[in-house]
Amino acid sequence: SVQYSCQTFAQSTVVGPDGRPQTERFASSDVGNRAHGIREAHQAYSNSQSSVYKTGHERHLGGRAVKVFSQHNRETGEAQSHELFQGVDAAGRSTFEQEFGASAHHLPKRTRGRMSLQEQGADWVESLPALRDEGAGVGQASGTMPAGMEQ
């Protein structure tokens, strides 16, 4: 098949020394169409012990790609965002996004989980509440990849 769709979710919860649960979560969603050279991926990561939330959003079209990685620390309020470009530069991003949008109909529909972060939009901030809520199921993630997991 030339189209694919893959969703993953992993969670680990342990009781910390203070008796409170410490939860680490990772969710990802990846869809693509090899025949049309288009791919879109979302990743989200949270760690309740460090209060760090990371998200990533990647769009690939042909040999070009734009990747946005964001990180937010809920305790300190510190936020960072980084963009990576492949075969396109920052000045050409708008054109790339328009071309991606025109080709997005070639992507397969995403499978809907119990709580679809994709429905909440691509903005990484909107993905954080679902990751923070204890017991929230995540079918897809919108948003940054944990350090060391970049492609």
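What counts and what doesn't
Residue numbers restart at each chain and count upward from 1, following the sequence in its written direction. Note on the predicted model: pLDDT of at least 70 is required for a residue's local features to be given, and 80 or more for side-chain atom pairs to be given and counted; whole-chain, interface and lining totals, by contrast, use all residues. Hydrogens and waters are ignored; side-chain quantities use all the structure's heavy atoms. In this text, helices come from DSSP runs of H or I with a minimum length of four residues, and strands from runs of E with a minimum of two, each type numbered from the N-terminal end. Each residue gets one of three labels from its accessible area relative to the maximum for its type: buried under 20%, exposed over 50%, partly exposed in between, using a 1.4 Å probe on protein chains only. Computed by Shrake-Rupley with a 1.4 Å probe, the accessible areas treat only the displayed protein chains as cover when residues are assessed. The pairing test for Phe, Tyr and Trp rings, Trp by its six-membered ring, is centres within 6.5 Å, and the orientation test on the planes gives stacked under 30 degrees, edge-to-face over 60, and tilted for anything in between. DSSP bridges decide pairing: two strands pair if at least two such bridges lie between them. Here a residue-residue contact requires only that any non-hydrogen atoms of the pair lie within 4.5 Å. Axes here mean lines fitted to C-alpha atoms, for a helix over just the part in contact, with angles spanning 0 to 180 degrees between N-to-C directions. Confidence scores here are pLDDT values: one per residue, from the predictor, ranging 0 to 100. Among the buried residues, those of types Ala, Val, Leu, Ile, Met, Phe, Trp, Tyr and Cys that are joined through side-chain atoms within 4.5 Å form a nonpolar core. Polar contact is the term for a pair of N or O atoms within 3.5 Å; when the atoms are in protein, one must be able to donate a hydrogen and the other to accept it, and sequence-neighboring residues count only if both atoms are side-chain atoms. Salt bridges, as used here, are contacts in which a Lys or Arg side-chain nitrogen is within 4 Å of a carboxyl oxygen on Asp or Glu.

## Thoughts on the overall build of the protein chain
(1) Moving on: Looking only at helices and strands, the protein chain has 2 helices and 6 strands in total.
(2) Moving on: Counting from the amino terminus, helix and strand elements in the protein chain follow one another as β-β-β-β-β-β-α-α.
(3) Moving on: Considering the protein chain as a whole, with its 151 residues, one finds that 43% of them fall into the buried category.
(4) Moving on: When the accessible surface of the protein chain is split by element, carbon and sulfur atoms take 49% of a total near 8,000 Å².

## Thoughts on the packing of aromatic side chains
(1) Moving on: On inspection of all chains with the given rule, the structure shows 1 aromatic pair.
(2) Moving on: On the numbers, 6.3 Å between centres and 35° between planes, the contact of Phe 96 with Phe 100 is tilted. Taken together, the residues Phe 96 and Phe 100, both in helix H1 (residues 93–103) and 4 residues apart, mark about one turn of the helix. This pair shows no difference in class: Phe 96 is buried, exactly as Phe 100 is.

## What about the pairing of strand E1 (residues 3–15)?
For a regular strand, side chains alternate in direction, first toward one face of the sheet and then toward the other.
(1) Moving on: Where E1 lies against strand E2 (residues 21–33), 13 bridges are found, and the strand directions are antiparallel. The partner of Ser 5 across the bridge, within E2, is Val 31.
(2) Moving on: Linking two consecutive strands that pair antiparallel, namely E1 and E2, is a turn of 5 residues; a positive phi of about 85° is found at Gly 19 within it.

## Concerning the environment of Ser 81
(1) Moving on: With respect to the helices, strands and loops of the structure, Ser 81 is situated in strand E6 (residues 79–86).
(2) Moving on: Linking Ser 81 and Phe 69, residues 12 residues apart in sequence, is a C-alpha distance of 5.6 Å.
(3) Moving on: Ignoring anything within four residues of it in the chain, the contact list for Ser 81 reads Val 68, Phe 69 and Ser 70.

## Re the sheet that holds strand E4 (residues 52–61)
Neighbouring strands of a sheet are bound in pairs by backbone hydrogen bonds; such pairs are parallel or else antiparallel.
(1) Moving on: The sheet built from 6 strands is open, its strands ordered E1-E2-E3-E4-E5-E6 with antiparallel pairing. Among the strands making up the open sheet, the edge pair consists of E1 and E6. Strand-to-strand twist in this sheet, taken as the mean axis angle between neighbours without regard to direction, amounts to 5°.
(2) Moving on: Here strand E3 (residues 38–47) runs beside E4; their pairing, made up of 10 bridges, is antiparallel.

## Digging into the confidence of the model for the protein chain
Note: predicted coordinates in regions of low pLDDT should not be interpreted at a detailed level.
(1) Moving on: When pLDDT is averaged across the protein chain, the result is 78; 72% of the residues are at 70 or more.
(2) Moving on: In this model, residues 112–151 is a region of pLDDT below 50 whose contacts with residues beyond four sequence positions or in other chains number 105 contacts.

## Topic: the nonpolar core
(1) Moving on: The biggest cluster of nonpolar side chains holds 9 residues, and these are Val 31, Ile 38, Leu 61, Val 66, Val 68, Val 88, Phe 96, Phe 100 and Leu 107.
(2) Moving on: Those elements giving two or more residues to this core turn out to be strand E5 (64–73) and H1.

## Some details on the side chain of His 57
(1) Moving on: Note that His 57 resides in strand E4.
(2) Moving on: Residue His 57 is classed as buried on the basis of its relative accessible area of 15%.
(3) Moving on: At a separation of 2.7 Å, a polar atom in the side chain of His 57 contacts the side chain of Glu 40.

## Overview of the pattern of salt bridges
(1) Moving on: In total, this model carries 8 salt bridges according to the counting rule given.
(2) Moving on: Across the salt bridge formed by Arg 39 and Asp 30, the nearest N and O atoms sit 3.0 Å from each other.
(3) Moving on: For Arg 39, a relative accessible area of 13% puts it in the buried group.
(4) Moving on: Classification of Asp 30 as buried rests on a relative accessible area of 18%.
(5) Moving on: A single network of salt bridges, built from pairs that share partners, joins Glu 40, Arg 59, Glu 83, Arg 93 and Glu 97.

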